[in-house]
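Coordinates in review
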Amino acid sequence: MGNCCSDVGGGMAAVGGTAASAATGNQNDAVDMFFKSRGIHGLFSQIELSFSASNLQNRDVFSKSDPMVVVYIKERDGAITEVFRTEVVLNSLNPTWITKYTITYHFEVVQTLLFHVFDVDTQFHNVDVKMLKLEEQQSLGEACCALSEIVIKPNRSLTFDLVRREESVTATRSQHQGKLTVHAEECISSKTTAEMVLRCSDLESKDLFSKSVCTADLKHSYFCYIFLGILVILWCICGLILQDPFLVISKLVESGISIPVCKTEVLKNDLNPTWKPVFLNIQQVGSKDSPLVIECFNFNSNGKHDLIGKVQKSLADLEKLHSGREGENLFLPTPVGHDFQNKILKGKLFVDKFSETVQHTFLDYLAAGFELNFMVAIDFTASNGNPRLPDSLHYIDPSGRLNAYQKAIYEVGEVLQFYDADKRFPAWGFGARPIDGPVSHCFNLNGSSNYCEVEGIRGIMMAYASALFNVSLAGPTLFGHVINKAALIASQSLANDAQKYFVLLIITDGVVTDLQETKDALVKASDLPLSILIVGVGGADFKEMEILDADKGERLESSTGRVASRDIVQFVPFRDVQSGEISIVQALLAELPTQFLTYMRSRDIKPST
């Protein structure tokens, strides 16, 4: 998940892509579930856009144009909303505007921007730009692009030819409209990270009785009391401690709600825990003076973690604790009548290390030329139903309405295509019988026996539709072959020192039947520049599939006992997001930048400057 964690080698992190989660073991994975359910979102960075233009058309008679830039956000439904205006630069056809537009960059969303340049009439020069009526100004042209198209450029600058909407295509080409250059700069706060080593002392051990050791049926039974008695004896004789503490750091927003932004790993049986370093993006919490709540929980495998105690401090306060080598007593809200009072506890929080660093971000890697290469694998097993019938998951609706497979391809591809320079995407099918051949668990979607790539998202869609009528749906559902194929491409790219990271989208309607082989392939692939997105379509029970996603289950382990070096899988059932506020893309791609950063940082791969 896209939050801060506590693994120096594999996961310096904060929500917002300063780093990635690399917690290991089923306890930390359960913490991830708890943490993610409380509102964590994907990567974002603050971007400043600055504007300049050249050779603008002169719309004034006795002087030169007085240009101003207006920025709009264009929604998926075509709706346009104005969000920003620059100042007016007087008498210039080659202006550079001073006022900058700050926008939050979201990796998992296509953010379409419209830039419109106006010539402000002389009579309005003394009017505040916010009060200007744009219909009274003359258009000098406009341009449109996705924010991602700007940030991936080596110098983060993109120059557009301005066009006029009211003119025909022929007229636009024949008349010189000038050029607009947009430059993006990532705010320094997006890169500044606080590293802390946190420690607690003298935590109270109440775990033995706070955890449920009896089932509901045995809770008051004779056997339950005997069992508790045995545990008490063991605890007294052996010093058995069951406290498994971890920290959750949350920011307080104006409404008083706390939003988690960081967590530590779980430490077993420890009343004086010292956690691994945590890396907290300062922008994510607002500023060094923004209030934070640090809660110490006792891990419980059922997800209902017990609050041991907490403190409320800002990063500046935590820095003072470190410099003063002082501890802060934990407190515990305790009900008193109809209200709560804070009970001061013996346990204390210490900050053994506090430092600030500027780290390379996801956008730094993109600007240095790193690419995300998109790949797709589609389930053609018979359980999808006859593609010619409307009740099939593969049915191609003549009205143009996309089926679940098409929608997943289009929405994920729409985002990732901007980060792939040649836009040639490997595309495979699995679980079908090509004409006059045996069942194949990895065949080229384009029907070629020599190459697997297709041109653009449209190429994937066309190859998919064509394949439906050129293969016979069969089975079973096996992932191992396509994962190994994708891993081979990633491995070859790595051997050639290419600046590429690969993203494989697998769309399936059923539970994988080669589970252990799939685990083996994923564990092996975890060492490669590769992430795997899995979308479950249809009404199948995908609970077993969640095992493959470390956010929802244990960290993957191969048949030889090797544990995955990092989490590379994100699994989402299509039906869970189909009618919700979050799109399939946001659910799938929120973790991708942090998986990318985990890989790069664990191998000390730095973007060239």
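Before reading on, note that the structure itself is shown above.
Scoring rules and cut-offs
- Residues numbered from 1 in each chain as written.
- Predicted model: local features only at pLDDT ≥ 70, side-chain atom pairs only at ≥ 80, totals over all residues.
- Heavy atoms only, no water.
- Salt bridge = Lys/Arg side-chain N within 4 Å of Asp/Glu carboxyl O.
- Helix = DSSP H or I, 4+ residues; strand = E, 2+ residues; numbered from the N terminus.
- Buried < 20%, exposed > 50% of the residue type's maximum accessible area, 1.4 Å probe, protein only.
- Pairing = 2+ DSSP bridges.
- Axes fitted to C-alpha atoms, helices over the stretch in contact; angles between N-to-C directions.
- Expected span 1.5 Å × (residues − 1).
- Contact = heavy atoms within 4.5 Å.
- Polar contact = N/O pair within 3.5 Å; in protein donor to acceptor, adjacent residues only side chain to side chain.
- Parallel < 35°, antiparallel > 145°, perpendicular 65-115°, else oblique.
- Left-handed = near helix turned anticlockwise from the far one by under 90°.
- Nonpolar A, V, L, I, M, F, W, Y, C, P; charged D, E, K, R; others polar.

The next subject is the pattern of salt bridges. Under the definition given, this model contains 16 salt bridges. A salt bridge links Arg199 to Asp352; the shortest N-O distance between them is 2.9 Å. Here Arg199 is found in strand E11 (residues 192–201), whereas its partner Asp352 is found in strand E18 (residues 339–358), with 153 residues between them in sequence. For Lys606, the salt bridge is made with Asp604, and the minimal N-O distance between the two is 2.4 Å. Owing to a relative accessible area of 55%, Asp604 belongs among the exposed residues under this scheme.

What follows covers the sheet that holds strand E5 (residues 80–85). Strand order in the open sheet made by the 4 strands is E5-E4-E7-E8, with antiparallel pairing throughout. Edge positions in the sheet fall to E5 and strand E8 (138–146), since each of these pairs with one other strand and no more. Strand-to-strand twist in this sheet, taken as the mean axis angle between neighbours without regard to direction, amounts to 25 degrees. Bridge count between strand E7 (residues 112–119) and E8: 8 bridges; the pairing is antiparallel. Opposite Phe115, over in E8, you have Ala143 as the bridge partner.

What follows concerns helix H10 (residues 456–467). For H10, with 12 residues, the first-to-last C-alpha span of 17 Å sits near the 16 Å given by 1.5 Å per residue. Turning to H10, its buried residues number three or more, namely Gly456, Ile457, Gly459, Ile460, Met461, Ala463, Tyr464 and Ala467. On its buried face, H10 sits against strand E19 (371–379), helix H9 (404–416), strand E20 (424–430), strand E23 (453–455) and strand E24 (471–473).

On to the side chain of Gln243. Here Gln243 is to be found in the loop between helix H5 (222–238) and strand E12 (245–252). There is a polar contact of 3.2 Å between the side chain of Gln243 and the side chain of Asn298.

Close contact between helix H11 (residues 480–495) and helix H12 (residues 515–525) brings their axes to 9 Å; oriented N to C, the two are set at 15 degrees. Taken together, the axes of H11 and H12 are roughly parallel relative to one another. H12 is crossed by H11, and the crossing has left-handed handedness. Taking contact as the criterion, the partners of Gly480, Ile483, Asn484 and Ala487 in H11 are, on H12, Thr518, Ala521, Leu522 and Ala525. Looking at the contact of H11 with H12, its residues break down into 5 nonpolar, 3 polar and no charged.

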